[in-house]
Amino acid sequence: MGAIALAGWATLATPVIARPTPAPNLALESGSYSDNMLIGSDPATHTVSGYYEAYAGQKQFGCIFALTGKLRGRSTPIQTYFPGDRSHVIRGALLKSTRRRFAISLAAEHGGCWNVQHFSDAKQPVQFELRAAYPWISVAVVKRPGTYLLDSIGSGSGQAVLNKGDGVGVRAVRRQWLQVDFISGRKRVTGWIRQSDVYSSPRRP
């Protein structure tokens, strides 16, 4: 009887240790996604940025916008806007299902998007899946036509000429310079451009 009572007492006296709640998975893979979506995700700040450019009807209709936000688990509030135009920002959500797959739902459509993709249909968010991963900390949009993609900072030689509206993935920032990737079809070109050659993003709320 004494042994049984002692065993029971030991069981009751065992302290209950609360397990910490796991932190939400904020990771999102940077790279080129389906349907011409570019995504850059900074693991240090959890900031996400992107650029979408798609057309329909032999380029009769176009859907173009940039996005920015700060990752918050599976649902991230984002701002979307036409590059260089801060007067018309449409808010929405980036809905992450895995590190390499997400969807976007917007409160309204950007001009031309309704004929390409219906981003404002809350019941059917537009899905994107990773095609090629790259170590981008952000995505930027070129604002100067005839921007040279230089071999090194300040060099006189370049590998490509970028056009206004080209989206680039940013690998690194060095003072006033950006090391970027430009994707054209299956070809990737890496080089350096000035920060002043790209549009700045609007402030996050």
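The structure presented is a predicted model; accordingly, all values stated were derived computationally and were not measured. Each chain has its residues counted from 1, following the order in which its sequence is written. Under the rules for a predicted model, residues below a pLDDT of 70 receive no local features and side-chain atom pairs below 80 are neither given nor counted, while totals for whole chains, interfaces and linings still include all residues. Only hydrogens and water are set aside; all other atoms, that is, all heavy atoms of the structure, feed into the side-chain values.

### Some remarks on the sheet that holds strand 5 (residues 75–81)
Consideration 1: Paired strands are those between which DSSP finds at least two bridges. Strands here are runs of E lasting at least two residues and helices are runs of H or I lasting at least four, both read from the DSSP assignment and numbered beginning at the N terminus. Ordered by their spatial adjacency, eight strands build a closed barrel running 1-2-3-4-5-6-7-8, and the pairing between neighbours is antiparallel. Neighbouring strand axes in the sheet, compared pairwise and without regard to direction, differ in orientation by 30° on average.
Consideration 2: Pairing analysis gives three bridges linking strand 1 (residues 31–33) to strand 8 (residues 126–133), with the strands arranged antiparallel. Note on strand 8: the bridge partner recorded for Ser32 is Ala132. Here an angle of 0 to 180 degrees is reported between the N-to-C directions of two axes, which are lines fitted to C-alpha atoms, with helices fitted over the stretch in contact.

### Things to note about the confidence of the model for the protein
Consideration 1: Residue-level confidence of the predictor is what pLDDT reports, using numbers from 0 through 100. Residue-level pLDDT values for the protein average 87, and 86% of them are 70 or greater.
Consideration 2: It only takes one pair of heavy atoms within 4.5 Å for two residues to be counted as in contact. Across residues 4–11, where pLDDT falls below 50, the model places zero contacts with residues more than four positions away in sequence or in other chains.

### Looking at the packing of aromatic side chains
Consideration 1: For Phe, Tyr and Trp, rings pair up if their centres lie within 6.5 Å, where Trp contributes its six-membered ring, and each pair is then called stacked (planes under 30 degrees apart), edge-to-face (over 60) or tilted (otherwise). Across all of its chains, the model carries eight aromatic pairs by this definition.
Consideration 2: On the basis of an interplanar angle of 90° and a centroid distance of 5.1 Å, the ring pair of Phe65 and Phe119 is categorised as edge-to-face. You can see Phe65 sitting in strand 4 (residues 61–70) and its partner Phe119 sitting in the loop between strand 7 (101–106) and strand 8, a full 54 residues away along the chain. The residues Phe65 and Phe119 share a single accessibility class, namely buried.
Consideration 3: Where Tyr134 meets Trp136, the ring centres are 5.0 Å apart and the plane angle is 15°; that geometry is what we call stacked.
Consideration 4: The buried label applies to any residue whose accessible area, calculated with a 1.4 Å probe on protein chains only, is under 20% of its type's maximum; exposed applies above 50%, and partly exposed to all values in between. Owing to a relative accessible area of 1%, Trp136 belongs among the buried residues under this scheme.
Consideration 5: Through a chain of ring-to-ring contacts, three or more aromatic side chains come together here, namely Tyr33, Tyr52, Phe65, Phe102, Phe119 and Phe128.
Consideration 6: Positioned above the aromatic ring of Tyr55, the side-chain terminus of Lys59 is 5.0 Å from the ring centre. We call a charge positioned over a ring when the NZ of a Lys or the CZ of an Arg lies within 6 Å of the ring centre and within 35 degrees of the ring normal.

### Remarks on the environment of Gln176
Consideration 1: Mapped onto the secondary structure, Gln176 falls in the loop between strand 12 (167–174) and strand 13 (177–184).
Consideration 2: Judged by its relative accessible area of 53%, Gln176 is exposed.
Consideration 3: Non-local contacts of Gln176, meaning those with residues more than four positions away in its chain, are made with Ile193, Arg194 and Gln195.

### Things to note about the side chain of His110
Consideration 1: Secondary-structure assignment places His110 in the loop between strand 7 and strand 8.
Consideration 2: Polar contacts, as counted here, are pairs of nitrogen or oxygen atoms within 3.5 Å of one another; within protein the pair requires one atom able to donate a hydrogen and one able to accept it, and residues that are adjacent in sequence qualify only if both atoms are side-chain atoms. A polar contact is formed between the side chain of His110 and the side chain of Thr80, at a distance of 2.7 Å.
Consideration 3: Filtering out sequence-adjacent residues up to four positions away, His110 remains in contact with Phe65, Thr80, Tyr81, Phe82 and Ile90.

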